[in-house]
Amino acid sequence: MRPILLKGHERPLTFLKYNRDGDLLFSCAKDHDPTVWYAHNGERLGTYRGHNGAVWCCDVSRDSTRLITGSADQSAKLWDVETGAQLYSFNFESPARAVDLSVGDKYAVISTDPFMGQTSAIHVKRIDKDRSKQGSDSLLVITGPQGRINRVVWGPLNKTIISAGEDSVVRIWDAESGKLLKESDPETGHQKAVTSLVKSADGSHFITGSQDKTAKLWDTRTLTLLKTYVTERPVNAAAISPLLDHVVIGGGQEASQVTMSDRRAGKFEAKFFHKIYEEEIGGVKGHFGPINALAFNPDGRSFSSGGEDGYVRLHHFDADYFHIKI
Amino acid sequence: MAELAETPVAPHRFAPDMQEPKINLNIDWGQVNLDDIQLPPGEDFGIKSDDEEEEEEILETETGFSNVIVVDNLPVVAPEKYEKLESVIRKIFGQIGVIREKGLWMPVDTETGKSKGYAFIEYTTPQEAETAREQTNGYKLDKSHVFAVNMFDDFDKYMKVPDEWSAPERKPYTPGENLLAWLTDERGRDQFVVRFGPETEVYWNDARQGKPDPVYHRSLWTDSFVQWSPLGTYLATIHRQGAATWGGAQTFNRLMRFIHPQVRFIDFSPSEKFLVTYSSHEPSNPRDTQVRVTLNIFDVRSGKILREFKGSADDFATGGTGGVAGVSWPVFRWAGGRDDKYFARIGKNSISVYETETMGLLDKKSIKVDNVLDFSWSPTEPILSLFVPEGGGGNQPARVSLLQIPSREELRQKNLFSVSDCKMYWQSNGDYLAVKVDRYTKTKKSTYTGFELFRTKERDIPIEVLELENKNDKIVAFAWEPKGHRFAIIHGDGPRPDISFYSMKSPNNVGRVTKLTTLKGKQANALYWSPIGRFIVLAGLKAYNGQLEFYNVDELETMATAEHFMATDVDWDPTGRYVATSVTSVHQMENGFNIWSFQGKLIYRLPRDRFFQFLWRPRPPTLLSPEEEAEIARNLKKYSKRYEVEDQESSIILSTQEMESRRKVIDEWKSWVAEWQRLHEEEKPLRQELRDGEPSDEEEDYEAEEVEVEDILNVEEEVVSYGFEQLD
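Small disclaimer: the values here were computed from a predicted structure and weren't measured. (Residues numbered from 1 in each chain as written. Chains lettered and ligands numbered in written order. Predicted model: local features only at pLDDT ≥ 70, side-chain atom pairs only at ≥ 80, totals over all residues. Heavy atoms only, no water.)

Peer 1: Explanation requested: the overall build of chain A in the structure shown.
Peer 2: A count of helices and strands for chain A gives zero helices and 28 strands. Per-residue burial for chain A yields a buried fraction of 59% across its 326 residues. Sequence-distant contacts, at least 24 apart, represent 43% of the contacts inside chain A between residues at least 6 apart. Counting only carbon and sulfur atoms, one obtains 46% of the accessible surface of chain A, whose full area is about 13,100 Å². (Helix = DSSP H or I, 4+ residues; strand = E, 2+ residues; numbered from the N terminus. Buried < 20%, exposed > 50% of the residue type's maximum accessible area, 1.4 Å probe, protein only. Contact = heavy atoms within 4.5 Å. Areas by Shrake-Rupley, 256 points an atom, 1.4 Å probe, with all protein chains shown as cover.)

Rendered as structure tokens:
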């Protein structure tokens, strides 16, 4: 499986997202331009110009018409996927960290960073089909968690919102009232900042990656801790295979602490684990810096990784991969 | 020892201004006079505390009488001489510490007007009082007046001593646990202890199953480190209040406590009869620049203090005439052998050898050796080897000598010229002593290294000189083969040094050292012999990133090369079957340990964040005689058959167990998935509704759907003039 190197970003990657059909790959980076690529050959389709800061996260609507991005320029923007036109901009008082579209794409949940006296917050916005009626009012604002909220996603049927971030706690909120419903156990849960959170294809469970060098699998409805995957590196990104019982975990030593002595010291590998046995299956090397983003193609036959080195590596699995016996 | 760390909690009481308790007890608190309430006598109000034995901390208060000493046996003087005596006493005791204002009081007999012959002196701190007691007790003012100095607080204690001796009560004998039960493991496994984060865990090294088997786990077991006793009977933990030993047949129970506040280091005697503890205190008085150190020697089994050493750090600094800052541990070095008979420390121009029988100096005096810089004991016999550097501006040569204890007879001496430094390495049986000598070249600008090899078991102790082929090679490491006659040296400058192996025997057995081989250009900087000899791990730690080479010295061949990336430590298990390599928390990444077979096969690895310590539990020496061991080696085939069968059986059991546990995990997962599918199905209509009735859900995904899209590229409206209007 010779990876395809997607060169387009000038700064470290922050997030990767496939559309539902798996033909488009959206990438966000610390440069200001989210980019869309053909998922099968890595050809660049275009960029979304308008942000004025690092772009932290994005989500694409089910029908692949709209893209929402959250950026450090204190805005979350709605885009027309096809034309690249900016449809709307939600402006905040602090950088937007995470975005997620609801089932039905009528709502978006956006988290904002603590900044200049602002506490971190989770905002729920209505997304109107009709562009002209789009408003900026928040339907709900949740505050409480300390530090950045690195990821926020919708729970099943848009009834809950799941958040995780620097305070290492995974929380489930009522999406209607904003009430805290569940919290991960501080004993068994993550010990350091949670850096990523990705749902399974059917949304029944999700994986979190943390600086405590572990990734954990949780039940979306009950927040039961299902599995823990232990690595030797801080985890920056994790993803669940939609096809096989695999998870992929990426990370690495923080860029600022990478020693100059040996490239292996960083171990910038995307590691595959068996989802059920919690055993390491293999690894995919290649990046020259920590891996910041990982995403599986919805067909499970390819995945892509984005690194601190500014590259996206698009890997199509060999036939062997589908016959791994463990 | 968690309970030790807690401070005693004051019994809970209600103050009148506190809120009323939530439970209504039908008590009118206004009517209750709190002074009328009679509490049961005793500190605990008659309620026994669950915390078994809490040790109260000794509070160092400035008030009270802990800083007062009583000086007795003073001259009895008439009033006119009173002032003179007072000034003399003030002079003597004022040297030691600051006497408080009006802190010196000599009572006077009201009838005769004469002084009563004793005085009270109050210092500013209890430490000063303690020092004064130590230093002036027994001070001879003149022939008939020898000071008897005591702490004021001790008087109570002395008053309570009963006049009549009563026989101590005989405690009934309670058999203790079998502390050696771990040696009788059916599968002959070894134990090890690991410390990471706040956790301390003991495991069996179950190499057959390829994983460690947990024995005991405890959080916050120790405040700083853990240490096995040399024969593996005890595990020692370190706490604020002192050290503790743990052991037992099945698990780890606390066996004994060794009270020594702020203990920093501990050291067991080789046969684990005695424990030495060490602490140092920054001076409380800024005028005093000396760091005070305290050393206690305990009996391991009874926990009794046998001897206490106190002094300034300088007194215990090793290395001749001072200048070397700090105390090097261990301060006391134990003579080899099974009986723990002697221990010694180096002082200024002397070596003090103590006997454990009396805990006093051997023959009541130290061995005087001018300028002595270093010493070490033979690991098996009471023989000391000493190193004395050049003296008298180069007129006296440096020398290494062997000294028999207790006779103090010099067995052998070797003079050495233009020496810059010496290091002594004893072979584990005490058969040989290698002295690494760094000498100056003629220009005195650089040094080169040679070895002096002593054959201590042979008559007259012959000495042989060994110089490397390239005399200028730097010696990186030296190591004797345990119980053997070979040694290995890493030498050479640059990033790829050479490794040479030598034998103290030569093929025609003339008792000459011979070189076996040299391995060129190895990435290694440390040598780790197997405890049974024959095999050695050539390790490249630190700058070499954890390169490992497993080498067979009998066959002079490499068995395996491997790498444990970033490894910081290598440890052989006591039987020489397995090797542990670990990355401790000096690195941020890769923390954890690997277990290898002696041939260099990786058996398992255990990553643990913030990894501090890996220690194999030592084993006592074998009870078999060398002949019996040889017998076993000869019939190895017979034994190995039996173990092979066992191995096979256990691997079958293991694989079925493994299958079982995997099946369980899968079943559990399947039940979750079934539940999720059910819920997902249930929510299907709701989801559809949320999507404005769009039916396709994830379930029907990926059915190829052909959609014809008609793109209107351009719409042009053209008015075509038609000439057939008249047809309408």
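Peer 1: Could you clarify how one ought to interpret the interface of chain B and chain A in this entry?
Peer 2: One widely used convention gives an interface's size as the accessible area the parts lose upon coming together. Between chain B and chain A, the residue contacts involve 29 residues of the former and 35 residues of the latter. When chain B packs against chain A, close to 3,200 Å² is buried across both sides, 52% of that on carbon and sulfur atoms. Summed over the three residues of chain B that lose the most area to chain A, namely Met589(B), Trp669(B) and Trp676(B), the buried surface amounts to 22% of that side. Where chain B meets chain A, there are six salt bridges. The partner of Arg233(A) in a salt bridge is Glu590(B), and the shortest N-O contact between them spans 2.1 Å. (Buried area = accessible area lost by both parts, 1.4 Å probe. Salt bridge = Lys/Arg side-chain N within 4 Å of Asp/Glu carboxyl O.)

Peer 1: Help me out: how do you make sense of the sheet that holds strand 8 (residues 75–80) of chain A in this one?
Peer 2: The strands that make up a sheet pair up through hydrogen bonds in the backbone, lying either parallel or antiparallel. Residues and elements named next belong to chain A. Read from one edge of the open sheet, four strands run 6-7-8-9, paired in antiparallel fashion. The open sheet has two edge strands with one neighbour each: strand 6 (55–60) and strand 9 (86–91). If you compare each strand with its neighbour and ignore which way they point, the axes differ by 20 degrees on average. (Pairing = 2+ DSSP bridges. Axes fitted to C-alpha atoms, helices over the stretch in contact; angles between N-to-C directions.)

Peer 1: For this particular structure, what's the right way to read the pairing of strand 9 (residues 211–219) of chain B?
Peer 2: Along any regular strand, the residues point their side chains to alternate faces of the sheet. All names here are of chain B. Here strand 8 (residues 199–206) runs beside strand 9; their pairing, made up of eight bridges, is antiparallel. Looking at strand 9, one finds that Asn205 is bridged to Pro212. Where strand 8 folds back onto strand 9 in an antiparallel hairpin, the turn is made up of four residues, including Gly210, whose phi is positive at roughly 65 degrees.

Peer 1: Sorry if this is basic, but what is going on with the pattern of salt bridges here?
Peer 2: Side chains that differ in charge, positive against negative, can pair when their charged atoms come close. All names here are of chain B. Applying the stated criterion across every chain, the model contains 49 salt bridges over all chains. With a closest N to O distance of 2.9 Å, Arg189 and Asp185 form a salt bridge. Like Arg189, the residue Asp185 is buried in the burial classification. The salt bridge involving Asp554 is made with Arg534; its shortest N-O contact spans 3.1 Å. Remark: Arg534 occurs in the loop between strand 34 (526–529) and strand 35 (535–540) and Asp554 occurs in the loop between strand 36 (547–552) and strand 37 (557–563); sequence separation between them is 20 residues. Relative accessible area serves as the criterion here: at 35%, Arg534 is assigned to the partly exposed category.

Peer 1: I'm lost on unusual backbone geometry in this one. Help?
Peer 2: The phi angle of most residues is negative, glycine excepted, and most peptide bonds adopt the trans form. Omega for the bond connecting Ile405(B) with Pro406(B) falls within 30 degrees of zero, at 5 degrees, which places this linkage in the cis form. Mapped onto the fold, Pro406(B) is located in the loop between strand 24 (398–404) and strand 25 (410–416). One non-glycine residue, Asp105(A), lies in positive phi territory at about 55 degrees. Its location among the elements puts Asp105(A) in the loop between strand 10 (96–101) and strand 11 (107–112). You will see that Asn73(B), though not glycine, has its phi angle at about 70 degrees, which is positive. With respect to the helices and strands, the residue Asn73(B) is situated in the loop between strand 1 (68–72) and helix 2 (79–94).

Any link to function would need more than the numbers given here.
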